[in-house]
Amino acid sequence: MADVSGHWPERLEIQGRWFKDASGRVAMLRGVNLSGNCKLPSRPYMPSHISTDFFDDVNISFVGRPFPLEEADEHLLRLRGWGVNFLRLLVTWEALEHRGPGIYDYEFIHYIVQVLQKCKQHGIRVMIDPHQDVWSRFSGGSGAPGWTFRAAGLDFTKFAATEAAIVHNVYPQPELYPSMIWPTNAYKLAAATMFTLFFAGRIFAPQCEVQGINIETYLQSHFFNAFSELASCIQKSGGLEDNVVVGYDTLNEPGRGWIGCADLSKLDPLQELRKGVTPSPFQAMLLGEGIACEVECWEFTRLGSRKRSTTPIDSLGIGAWLPDSGGCVWARHGVWDRSTQRLLRSDYFKKNPNTGESVDYINDCWMPFVRRFVQRIRAVHSDAVIFVEPPVNEHPPTWDPSHGDPQGRLCYAPHWYDGLTLINKHFNRWLAVDYLGYLRGKYPHIAFAVKIGNWGVAQAFRSQLKLLRDEGSYPVILGETGIPFDMDKGRAYTSGDYSLQTMALDCIMRACESNLLNVTWWNYCPDNSHAWGDGWNGEDLSLWSSERSPGKLNRSV
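A quick note: this is a predicted structure, and the numbers were derived from the prediction, not measured. (Residues numbered from 1 in each chain as written. Predicted model: local features only at pLDDT ≥ 70, side-chain atom pairs only at ≥ 80, totals over all residues. Heavy atoms only, no water.)

What follows deals with the state of the cysteines. Here the structure, examined in full by the defined rule, presents 0 disulfides. Here Cys-293 is not cross-linked by a disulfide; its sulfur's nearest cysteine counterpart is in Cys-328, at 12 Å. Cys-293 sits in the buried class, given a relative accessible area of 10%. (Disulfide = S-S within 2.5 Å. Buried < 20%, exposed > 50% of the residue type's maximum accessible area, 1.4 Å probe, protein only.)

This is the structure we're talking about:
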């Protein structure tokens, strides 16, 4: 590995669709996400299969995520030796503000500044990623602090009993936690309620207030304040803005909750992944009040999701709401009636209850959030590049300066994975689906998006990334892409044969290169293990592992 210490990065400029260095040369950003383990506390050590002390959301620390500072040189030298010149550094809201509203963890912030200084020494640029998955660790993902649930009246210790979330940490047999089931939490009570309140509380929950402030304003203000404080500390440290910290992602994979749902009695058509117990939004509300329901069960096959059966869910009267909360926030707003258990307004989240006008999640909820976030970040870091990340598979927004939309130094930062490979944990070199092309109207039916043979698979990957590249009117970076290394039940870990993983990686890499895409791979996890992967929800996508396999020194690209 070459020692590049002292070769400090320079400010990047943007010209049209390209990043350019100080000499005017095109700068292609090649990097990784650092790291999947940043979703999890380091003290106490809390990978998602550990239940001990899980519900203590205050006495924790993220210092040492992604790695202990004394190990920084080892990992950054390795990454630089691979040709990495850019990092998407994960920072969760919980890591900054877990102790309570407005109480920041300055030990962690100081640690992040030290990591950034190490990146500077190794000539690596960084974007800060405010990371979340399905809202929070306590709803089966990562991101928001535990106190946000209490602010909304939810009791996260009751989520498992009420099917409000399926959480690895409290799953009865963590080794049997279903693969890639965690995204289904986006449509269950906990995450769906929190995202709806976060993005549209003023529209759909005007009665929900914290200290006299509407829940939307309350939550967003704390989110903005936390990341503004991080940006301020980075600025005060000196020598990191622009040269090292290029800018900020808007929010990782933002969820829409139930905003726009046309019929709460039915499964949301936008729920593309259906797996395991799958309640409708109304059933999720009933279950959250401890009311038994007969719920559909789904499975994911090689060709997509299909309904398998129905099953009764009965929490024996246990509810997901805190005793002093007044119960379900949606019942309190007249969506359904507790006494009759009847749904009163099936299209409640489709239209503004006050005006009757349709509510568009992107234009009415997400874009106003982005405007406010950019204003707060650029009030500190004035030339920050904003890495615009819409919800997964959505078109990039069209900005209007007259609405106060961000201008200049923007980068489109979508994510893309081959869904069949990711969910099935198997790479099929003979079959792929041009799914993004289908969503964009390229095919009249999903059957026409199926591609056969080596060439067909490669073409499906290339054409989807070309779509993403061409949708941006400014630079585009693929913020996440990657493969599961534990394909086929981890066969490579005993055989030492990584040929299938190599083919999958090569197919994605060639698609990126042929489209001249900037990219940050998911992910580099310093404490990856063969047994528990990246330590989060059974995922095992790290490009590196310290564990040895037969015939291999270690797993790495």
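Read on for the rest.
The subject of this paragraph is the sheet that holds strand S10 (residues 293-301). Sheet strands associate in pairs through backbone hydrogen bonding, adopting either a parallel or an antiparallel arrangement. Strand order in the open sheet made by the 3 strands is S9-S10-S11, with antiparallel pairing throughout. At either end of the open sheet lies a strand with only one pairing partner, and these are strand S9 (276-278) and strand S11 (304-313). Averaged over all neighbouring strand pairs, the angle between strand axes comes to 40°, with direction disregarded. In terms of strand pairing, S10 meets S11 through 9 bridges, oriented antiparallel. Paired with Glu-294 across the strands is Pro-312, a residue of S11. (Pairing = 2+ DSSP bridges. Helix = DSSP H or I, 4+ residues; strand = E, 2+ residues; numbered from the N terminus. Axes fitted to C-alpha atoms, helices over the stretch in contact; angles between N-to-C directions.)

Turning next to the packing of helix H5 (residues 189-204) against helix H6 (residues 215-237). Close contact between H5 and H6 brings their axes to 6 Å; oriented N to C, the two are set at 105°. Taken together, the axis directions place H5 and H6 in an arrangement best described as roughly perpendicular. Listed contacts from H6 to Met-194, Leu-197, Phe-198, Phe-199, Ala-200, Gly-201 and Arg-202 of H5 are Ile-215, Glu-216, Thr-217, Leu-219, Gln-220 and Phe-223. The residue makeup of the contact of H5 with H6, split by class, is 8 nonpolar, 3 polar and 2 charged. (Parallel < 35°, antiparallel > 145°, perpendicular 65-115°, else oblique. Contact = heavy atoms within 4.5 Å. Nonpolar A, V, L, I, M, F, W, Y, C, P; charged D, E, K, R; others polar.)

The subject of this paragraph is helix H13 (residues 487-495). Considered for burial, the residues of H13 that qualify are Met-487, Gly-490, Ala-492 and Tyr-493. End-on, the buried residues of H13 take up no more than an arc of 120°, which puts them together on one face. Counted as exposed and oriented over 90 degrees from the buried face of H13: Lys-489, Arg-491 and Thr-494. On the buried face of H13, the contacting elements are helix H10 (419-424) and helix H14 (499-514). Phi turns positive one or two residues past the end of H13, at Gly-496, with a value near 80°. (Arc of directions from axis to C-beta.)

As a further point, take the pattern of salt bridges. Tallied over the full model, the rule gives 35 salt bridges. A salt bridge links Arg-65 to Asp-527; its shortest N-O distance comes to 3.0 Å. On the criterion of sequence distance, the pair formed by Arg-65 in the loop between strand S3 (30-34) and helix H1 (72-81) and Asp-527 in the segment after strand S19 (518-521) is long-range, its members being 462 residues apart. The structure contains a network of salt bridges with shared partners spanning Arg-11, Glu-13, Asp-242, Asp-383 and Arg-409. (Salt bridge = Lys/Arg side-chain N within 4 Å of Asp/Glu carboxyl O.)

Taken together, the 8 strands give an open sheet; going across it, the order is S15-S14-S8-S5-S4-S3-S19-S18, and neighbouring strands pair in parallel fashion. The strands lining the two open edges of the sheet, one partner per strand, are strand S15 (410-412) and strand S18 (477-478). Both strand S8 (residues 245-249) and strand S14 (residues 385-388) contribute to a ladder of 3 bridges, which runs parallel. What sits directly across from Gly-247, in S14, is Val-385.

In this model helix H9 (residues 361-378) runs 24 Å from its N-terminal to its C-terminal C-alpha over 18 residues, within 8% of the 26 Å that 1.5 Å per residue would give. Roughly 30° is the biggest bend found in H9, and it falls at Met-367, with proline Pro-368 one to four residues downstream. Judged by how many residues are buried, H9 sits mostly within the fold: 13 of 18 residues are covered. Sitting at the head of H9, Asp-360 places a side-chain oxygen 3.3 Å from the backbone nitrogen of Ile-362. (Expected span 1.5 Å × (residues − 1). Bend = angle between axes of the 7 residues up to and from the residue. Polar contact = N/O pair within 3.5 Å; in protein donor to acceptor, adjacent residues only side chain to side chain.)

It is worth spelling out the side chain of Asn-37 at this point. Relative to the helices and strands, Asn-37 resides in the loop between S3 and H1. Setting aside anything within four residues of it in sequence, one finds Asn-37 in contact with Arg-65, Pro-66, Cys-525, Pro-526 and Asp-527.

With that settled, the discussion passes to the environment of Ser-142. Note that Ser-142 resides in the loop between strand S5 (125-131) and helix H4 (147-152). For Ser-142, a relative accessible area of 0% translates into the label buried. Spatially, the C-alpha atoms of Ser-142 and Trp-536 are 9.3 Å apart, while their sequence positions differ by 394 residues. Polar contacts involving the side chain of Ser-142 include one to the side chain of Asp-133, which spans 2.6 Å.

To continue, consider the packing of aromatic side chains. The geometry of an aromatic ring pair comes down to the distance between the two centres and the angle between the two planes. If you walk through the whole model with that rule in mind, you get 44 aromatic pairs. Ring plane angle 10° and centroid distance 6.3 Å describe the contact between Phe-195 and Phe-199, whose orientation is recorded as stacked. Residue Phe-195 and its partner Phe-199 are both found in helix H5; the two are separated by 4 residues, about one turn of the helix. Summarising the aromatic geometry, the rings of Tyr-493 and Tyr-498 are spaced 6.4 Å apart at their centres and angled 50° between planes, so their arrangement reads as tilted. For Tyr-493, a relative accessible area of 11% puts it in the buried group. (Phe/Tyr/Trp six-rings, centres within 6.5 Å; stacked < 30°, edge-to-face > 60°.)

Take a nonpolar patch on the surface next. Residues Trp-18, Val-26 and Leu-516 make up a contiguous nonpolar surface patch of about 260 Å² in total accessible area. Here Val-26 shows up in the loop between strand S2 (18-20) and S3. Accessibility expressed as a relative area gives 43% for Val-26, which makes it partly exposed. (Patch = residues over 30% accessible without salt bridge, like charges linked within 9 Å, V, L, I, M, F, W, Y side chains within 5 Å. Areas by Shrake-Rupley, 256 points an atom, 1.4 Å probe, with all protein chains shown as cover.)

For S5, a buried count of 7 out of 7 residues is recorded, marking the element as mostly surrounded by other parts of the structure. Where S5 meets S8, 3 bridges bridge the pair, whose relative direction is parallel. Among the inter-strand pairings, Met-127 is bridged to a residue of S8, identified as Gly-247.

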